[in-house]
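Commentary on secondary and tertiary structure
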Amino acid sequence: CLFSGSLKVQRVAPTCHSFDGKISEAALAYLQQERSILEPACIDDAIGILDTNRYRPAIETLFQYLDFEKHEAPGAPHAVTMGPTAGAFPAADALARFGNSVLPKLKKVIRDDSEPPLSRLNAAKLYFHILPEPATVGFIAKAGHEAFDPAAGKELIHFAQLAPNYCQPDQRKECKKALDL
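Since we're looking at a predicted model, the values are computed, not measured.

1. Structural notes on the layout of surface pockets
Gaps left between atoms show up when a probe the size of a water molecule is rolled over them. Each pocket or cavity is described by its volume, and for the largest pocket that value is around 260 Å³. Looking at the lining of the largest pocket, the elements that each hand over two or more residues are α6 (117–130) and α8 (150–162). When grouped by side-chain class, the residues that make up the lining of the largest pocket number 8 nonpolar, 2 polar and 2 charged.

This is how it looks when you write it as structure tokens:
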């Protein structure tokens, strides 16, 4: 044996350059790899491609990145974009553009105690962004009260308490009432 001692295998992160001209299929394939070896800047790029192209086959994969926070270079200005997280969580903002078609999965994530608390919170923000009405506020508040994870429950309840401020003016009173259900 030429090596004395143990051999350590290192995984190498795929490069962003494999997106082949910003093709959605390549971006999706990148995100479907083991997340721990992917580069944050490349994840940003891939989500951006899928968002720009409104690539429907990516919806399930984008849900796996609800807790992924946008990579910012030190000292770089934060570009604010439209969406439920104003660009801070690009997968949530990308999913918003699919509208009502993602609502059933959002409800499932919000209530799922096995999901990371940040994913649940971003799902709640996205759900309210798509459907800002009293029933949504009530659903999020109830999910917060029923959460087994105290941190997730606290975050969901806090968001539900803020949400009525963003309901349509003629629905604000009903949105506030929905907190008590």
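2. Remarks on the nonpolar core
Judged by nonpolar contacts, the single largest core of 52 residues is most densely connected at Ile47, Leu62, Leu95, Leu106 and Ile140. Top element by residues in this core is α6. It accounts for 7 residues. Leucine 95 has contacts with Ile59, Leu62, Phe63, Leu66, Val102 and Leu126, leaving out every residue within four places of it along the chain.

3. Here's the deal with helix α5 (residues 103–111)
Given 3.6 residues per turn, any residue in an α-helix points the same way as the ones three and four places further on. Listed in full, the buried residues belonging to α5 are Leu103, Leu106, Val109 and Ile110. All buried residues of α5 lie within an arc of 120° about the axis, which places them on one face of the element. For α5, the exposed residues lying more than 90 degrees away from the buried face are Pro104 and Lys108. Where α5 is buried, its residues contact α3 (59–63), α6, α7 (134–146) and α8.

4. Topic: the side chain of threonine 85
Residue placement: threonine 85 occurs in the loop between α3 and α4 (90–96). Setting aside chain neighbours within four positions, we find threonine 85 in contact with Ala92, Asp93 and Asn122.

5. Quick word on the pattern of salt bridges
Evaluated as defined, the whole model comprises 8 salt bridges. For the salt bridge of aspartate 51 with arginine 54, the shortest nitrogen-to-oxygen distance reads 3.3 Å. When its relative accessible area of 42% is taken as the criterion, arginine 54 is described as partly exposed. With its nearest N and O atoms 3.2 Å apart, the salt bridge here joins glutamate 146 to arginine 111. Placement of the pair is glutamate 146 in helix α7 and arginine 111 in helix α5, with a sequence separation of 35 residues.

6. Here's the deal with the environment of histidine 129
Following the sequence through the fold, histidine 129 ends up in helix α6. A relative accessible area of 41% means that histidine 129 is categorised as partly exposed. A C-alpha to C-alpha distance of 9.3 Å links histidine 129 and glycine 99, two positions 30 residues apart in sequence. The contacts of histidine 129, once residues within four sequence positions are left out, are Gly83, Pro84 and Ala96.

7. Topic: the state of the cysteines
Tallying each qualifying case throughout the model produces 1 disulfide. Each disulfide pairs two cysteine sulfurs, and for cysteine 167 the partner residue is cysteine 175, the sulfurs being separated by 2.1 Å. Since a negative S-S torsion denotes a left-handed disulfide, the cysteine 167-cysteine 175 link at about -100° is left-handed.

What counts, and where the lines are drawn
Residues numbered from 1 in each chain as written. Predicted model: local features only at pLDDT ≥ 70, side-chain atom pairs only at ≥ 80, totals over all residues. Heavy atoms only, no water. 1 Å grid on protein atoms, 1.4 Å probe; cavity = no way out; pocket = protein on both sides within 12 Å on 5 of 7 lines; lining within 4 Å. Points joined across faces, edges and corners; volume = space filled by probe spheres on them. Helix = DSSP H or I, 4+ residues; strand = E, 2+ residues; numbered from the N terminus. Nonpolar A, V, L, I, M, F, W, Y, C, P; charged D, E, K, R; others polar. Core = buried A, V, L, I, M, F, W, Y, C linked by side-chain atoms within 4.5 Å. Buried < 20%, exposed > 50% of the residue type's maximum accessible area, 1.4 Å probe, protein only. Contact = heavy atoms within 4.5 Å. Arc of directions from axis to C-beta. Salt bridge = Lys/Arg side-chain N within 4 Å of Asp/Glu carboxyl O. Disulfide = S-S within 2.5 Å.

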